[in-house]
Amino acid sequence: GRVAMLPGRRRGRAGPAVPLRALYSYRYRAEDGRRVAMAAGETLLLLRRATPDWWQVRRPGDPPWARPFFVPAAYVAEEDPGDSGARSPGTPGQPAGTGG
């Protein structure tokens, strides 16, 4: 029999939003003219991975009618509550090409 390549972690499609931490500050102007900004260290909720590069998120404190926004996937990291002790608390590596 064939084994379905499904992640065994989350069942169902609409699970709870995954908490993300912003690694870097980022701001841009959306196509509709809104200003979108996030601050390094801020917590965001991942709604969906729209593309490998852009993830749709919203803020935990936003009202339900607040529109989600997109952030660069490279600028955020998934918070894994069960993993807190697994990684050594060293200094995070510098992102490539920060001399600009």
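Whatever comes next refers back to the structure up there.
First things first, this report covers the structure right here in the doc. (Residues numbered from 1 in each chain as written. Predicted model: local features only at pLDDT ≥ 70, side-chain atom pairs only at ≥ 80, totals over all residues. Heavy atoms only, no water.)

### Thoughts on the overall build of the protein chain
Stage number 1. Across its full length, the protein chain holds zero helices and seven strands.
Stage number 2. Walking the protein chain from its N terminus toward its C terminus, one meets helices and strands in the order β-β-β-β-β-β-β.
Stage number 3. When burial is assessed residue by residue, the protein chain has 19% of its 100 residues classed as buried.
Stage number 4. For the protein chain, the share of sequence-separated contacts (at least 6 apart) that also reach a separation of at least 24 residues comes to 41%.
Stage number 5. In the structure as shown, the protein chain presents an accessible area of about 8000 Å², 53% of it carried by carbon and sulfur atoms. (Helix = DSSP H or I, 4+ residues; strand = E, 2+ residues; numbered from the N terminus. Buried < 20%, exposed > 50% of the residue type's maximum accessible area, 1.4 Å probe, protein only. Contact = heavy atoms within 4.5 Å. Areas by Shrake-Rupley, 256 points an atom, 1.4 Å probe, with all protein chains shown as cover.)

### Thoughts on the nonpolar core
Stage number 1. The biggest cluster of nonpolar side chains holds 14 residues, and the ones touching the most others in it are Leu-20, Leu-44, Val-57, Val-71 and Val-76.
Stage number 2. For this core, the elements supplying multiple residues, two or more each, are β1 (18-22), β3 (35-38), β4 (43-48), β5 (54-58) and β6 (69-72).
Stage number 3. Here this core gets three residues from one element, more than from any other, and that element is β1.
Stage number 4. With sequence-adjacent residues up to four places away left out, Leu-44 is seen in contact with Val-18, Pro-19, Leu-20, Met-38, Val-57, Arg-58, Arg-59, Pro-60, Phe-69, Val-71 and Val-76. (Core = buried A, V, L, I, M, F, W, Y, C linked by side-chain atoms within 4.5 Å.)

### Let's talk about the sheet that holds strand β7 (residues 76-78)
Stage number 1. Spatial strand order, β6-β5-β4-β1-β7: five strands in an open sheet with antiparallel pairing. The open sheet has two edge strands with one neighbour each: β6 and β7. Across the sheet, the axes of successive neighbouring strands diverge by a mean angle of 50°, strand direction being ignored.
Stage number 2. Pairing of β1 with β7, which is carried by three bridges, proceeds in the antiparallel orientation. (Pairing = 2+ DSSP bridges. Axes fitted to C-alpha atoms, helices over the stretch in contact; angles between N-to-C directions.)

### Quick word on the pattern of salt bridges
Stage number 1. On inspection of all chains with the given rule, the structure shows five salt bridges.
Stage number 2. Close ionic contact of Arg-34 with Asp-32 constitutes a salt bridge, the shortest N to O distance being 3.3 Å.
Stage number 3. The partly exposed category is assigned to Arg-34, whose relative accessible area is 29%.
Stage number 4. On the basis of relative accessible area, Asp-32 is assigned to the partly exposed category, the value being 40%. (Salt bridge = Lys/Arg side-chain N within 4 Å of Asp/Glu carboxyl O.)

### Considerations on the environment of Val-57
Stage number 1. Structurally, Val-57 can be placed in strand β5.
Stage number 2. C-alpha of Val-57 to C-alpha of Val-18: the two residues are 39 residues apart in sequence and 9.3 Å apart in space.
Stage number 3. Contacts of Val-57, omitting those with residues within four sequence positions, involve Leu-20, Leu-44, Leu-45, Leu-46, Leu-47, Pro-68, Phe-69 and Val-71.

### With respect to the packing of aromatic side chains
Stage number 1. In total, this model carries five aromatic pairs according to the counting rule given.
Stage number 2. Judged by centre distance (5.3 Å) and plane angle (80°), the ring pair of Tyr-24 and Tyr-75 falls under edge-to-face. Residue Tyr-24 is found in the loop between β1 and β2 (26-29), and its partner Tyr-75 is found in the loop between β6 and β7; the two are separated by 51 residues along the sequence.
Stage number 3. A centroid spacing of 5.6 Å and a plane angle of 45° characterise the contact between Tyr-26 and Tyr-28, whose relative ring orientation is tilted. (Phe/Tyr/Trp six-rings, centres within 6.5 Å; stacked < 30°, edge-to-face > 60°.)

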